[in-house]
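The chain contents come next:
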Amino acid sequence: MFKKIIIFLFIIFTITLVAQQREYYQLKTYSFETDEQQEVTDTFLETSYLPALKRLNIRNVGVFKPKEIDSSGLKKTYVLIPFNTLKQIESLDSLLLNDKTYLKSGMNYLQAAHNKAPYKRLAVVLLKAFIYHPKLKPSELNQARKERVYELRSYESATKNLHKNKVEMFNEGGEVTLFDALEFNAVFYGEVISGASMPNLMYMTTFENQESRDAHWKAFGDSPVWKALKAQPKYQNNVSHIDITFLYPTSYSDY
C-alpha cells in the first residue's frame, strides 16, 4: 500500500513539474495586399526581428508561408515564437526598443509612413503549451523547404467545457501520444489564451511532402487506438469547427 502511495505521489509530482514548465507561444499572422509589403516585412523579419530575438535568447522561431492563397486573396506570413513566461512576452517590446542594432536595421519597417504600411493587418494569437507537449520541438525534416508540409490546425469548440474536454482528449486521452507513435513530428500543441476565435486549441504537425502527410493521416484514421478513443461517449461533440492551413518554412526560418 505504501509503495502505491509513493508511486501515485511521484506521478502527481511529475505532472505538476511538467505543467510548471509549459511554454507560451505567440502566433503572428501578417496579411499583405502588395508584394512590396511582403518584401519589406520579410526583410525586417530576417535581418532585424529574428536576430534581435536571438540576442534576447529567444530561439526556435518559425516563419512560414501558406502553400496556397486563401479565400481572402491576401498573401500571408506566419511567425511562431516560443516564450518561457508571460513576463517575457510582456517585456519584449521594451527590450527591443533598447536594441540600437534592431532599431537601425529595421528602420524601413519600424518607421514606415501611414500610407506605406508594411502589412494590411497583423493578427496575434497567444497560446499555452499542452501538458503532454510542454516545449516546442523544431522539426528535423531534411526535404527541400518548399516541398515540406507544415500543417497548422485550429479546433474550435462550442463551449469552454467542451474545449477543455478536447484538450483532455489530446493529453490524458492519448491523442498526443498517438501522434508521437505515428511520427507526426509535432512542433507544438497549445490552448489559445487570447485570439479571435475562442474557445479553441491549435497545433502544428510536419511532413516531408504532401504524400507523406496524406499517408500519416490515413494511418491515424485507420488506427484502432484512434477509433476506440473517438468512440468514447465522454469525447463526443467537443469540436465544432476545424481550420487547416498548409505551410512551408521560409529560407530564414529556424526550422
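In the block above lies the structure referred to throughout.
Let us look at the structure shown here. Remember, predicted model here, so these are calculated numbers, not experimental data. (Residues numbered from 1 in each chain as written. Predicted model: local features only at pLDDT ≥ 70, side-chain atom pairs only at ≥ 80, totals over all residues. Heavy atoms only, no water.)

**Here we look at the overall build of the chain**
Each helix and strand counted, the chain has nine helices and eight strands in total. Computed over its C-alpha atoms, the radius of gyration of the chain comes to 20 Å, within 12% of the 18 Å expected for a compact globule of 255 residues. In terms of overall dimensions, the chain has a C-alpha envelope of 65 × 40 × 35 Å along the principal axes. Within the chain, the proportion of its 255 residues that are buried is 44%. In the chain, once contacts between residues fewer than 6 apart in sequence are set aside, the share between residues at least 24 apart is 81%. Total accessible area on the chain is roughly 14,100 Å²; 54% of this is exposed by carbon and sulfur atoms. Considering the chain, the positive charge centre built from 32 side chains and the negative charge centre built from 28 side chains are found 5 Å apart. (Helix = DSSP H or I, 4+ residues; strand = E, 2+ residues; numbered from the N terminus. Rg over C-alpha atoms; globule rule 2.2 N^0.38 Å. Buried < 20%, exposed > 50% of the residue type's maximum accessible area, 1.4 Å probe, protein only. Contact = heavy atoms within 4.5 Å. Areas by Shrake-Rupley, 256 points an atom, 1.4 Å probe, with all protein chains shown as cover. Lys, Arg positive; Asp, Glu negative; His and termini not counted. Charge placed at Lys NZ, Arg CZ, Asp CG, Glu CD.)

**Description of the side chain of Thr77**
One can find Thr77 in strand β3 (residues 75-83). A distance of 2.7 Å separates the side chain of Thr77 from the side chain of Lys65, its partner in a polar contact. With residues up to four places along the chain from it excluded, the contact list for Thr77 reads Lys28, Thr29, Tyr30, Phe32, Gln38, Asp42, Leu45, Val63, Phe64 and Lys65. (Polar contact = N/O pair within 3.5 Å; in protein donor to acceptor, adjacent residues only side chain to side chain.)

**Remarks on the packing of aromatic side chains**
With the rule as written, the count across this model stands at 27 aromatic pairs. By way of ring pairs, the aromatic residues Phe130, Tyr155, Phe170, Phe179, Phe184, Tyr189, Tyr203, Phe207, Trp217, Phe220 and Trp226 are connected into one cluster. Over the ring of Trp217 we find Arg153, and its NZ or CZ is 3.9 Å from the ring centre. (Phe/Tyr/Trp six-rings, centres within 6.5 Å; stacked < 30°, edge-to-face > 60°. Lys NZ or Arg CZ within 6 Å of the ring centre and 35° of its normal.)

**Quick notes on a nonpolar patch on the surface**
Nonpolar side chains collect at one region of the surface, where Leu97, Leu103 and Leu110 lie side by side and expose about 240 Å² of accessible area between them. By the secondary structure assignment, Leu110 is in helix α5 (residues 107-110). (Patch = residues over 30% accessible without salt bridge, like charges linked within 9 Å, V, L, I, M, F, W, Y side chains within 5 Å. Salt bridge = Lys/Arg side-chain N within 4 Å of Asp/Glu carboxyl O.)

**Thoughts on the side chain of Thr29**
Within the secondary structure, Thr29 is located in strand β1 (residues 24-32). Overall, Thr29 belongs to the buried group, its relative accessible area being 15%. Leaving out residues up to four positions away in the same chain, Thr29 has contacts with Lys76, Thr77, Tyr78, Arg121, Leu122 and Ala123.

**Topic: the pattern of salt bridges**
Summed over the entire model, instances satisfying the criterion amount to 13 salt bridges. Arg153 is the partner of Glu151 in a salt bridge, and the nearest nitrogen-oxygen pair spans 2.8 Å. Accessibility assignment for this pair places Glu151 and Arg153 in one class, buried. Taking the shortest distance from any N to any O, the salt bridge between Glu168 and Lys234 comes out at 3.8 Å. Linking Glu168 in helix α6 (residues 160-170) with Lys234 in the loop between α9 (224-230) and β8 (241-249), this pair joins segments that are 66 residues apart in sequence. On the basis of relative accessible area, Lys234 is assigned to the partly exposed category, the value being 49%.

**Details of the nonpolar core**
Nonpolar side chains in soluble globular proteins tend to be buried together. Counting 22 residues, the largest nonpolar core has Leu45, Tyr49 and Ile81 as its most contacted members. Where this core is concerned, the elements lending two or more residues are β1, α2 (35-55), β3 and α3 (86-97). Top contributing element to this core by residue count: α2, with six residues. Those residues in contact with Leu45, other than ones at most four positions away along the chain, are Tyr30, Leu50, Pro51, Val63, Thr77, Val79 and Tyr252. (Core = buried A, V, L, I, M, F, W, Y, C linked by side-chain atoms within 4.5 Å.)

**With respect to the pairing of strand β5 (residues 149-156)**
For β5, the tally of buried residues reaches eight of eight residues, placing the bulk of the element in the interior. Where β5 meets β8, seven bridges bridge the pair, whose relative direction is antiparallel. Within β8, the position partnered with Tyr150 by the bridge is Leu247. (Pairing = 2+ DSSP bridges.)

**Structural notes on the pairing of strand β6 (residues 188-194)**
Sheet analysis places strand β4 (residues 121-129) next to β6, joined by four bridges and oriented antiparallel. Bridge pairing in β6 places Leu127 opposite Val192. Bridge analysis of β6 against strand β7 (residues 200-207) gives four bridges, and the strand direction is antiparallel. By the bridge assignment, Glu191 is partnered in β7 with Leu201. Counted along the chain from β6 to the antiparallel partner β7, the turn is five residues long.

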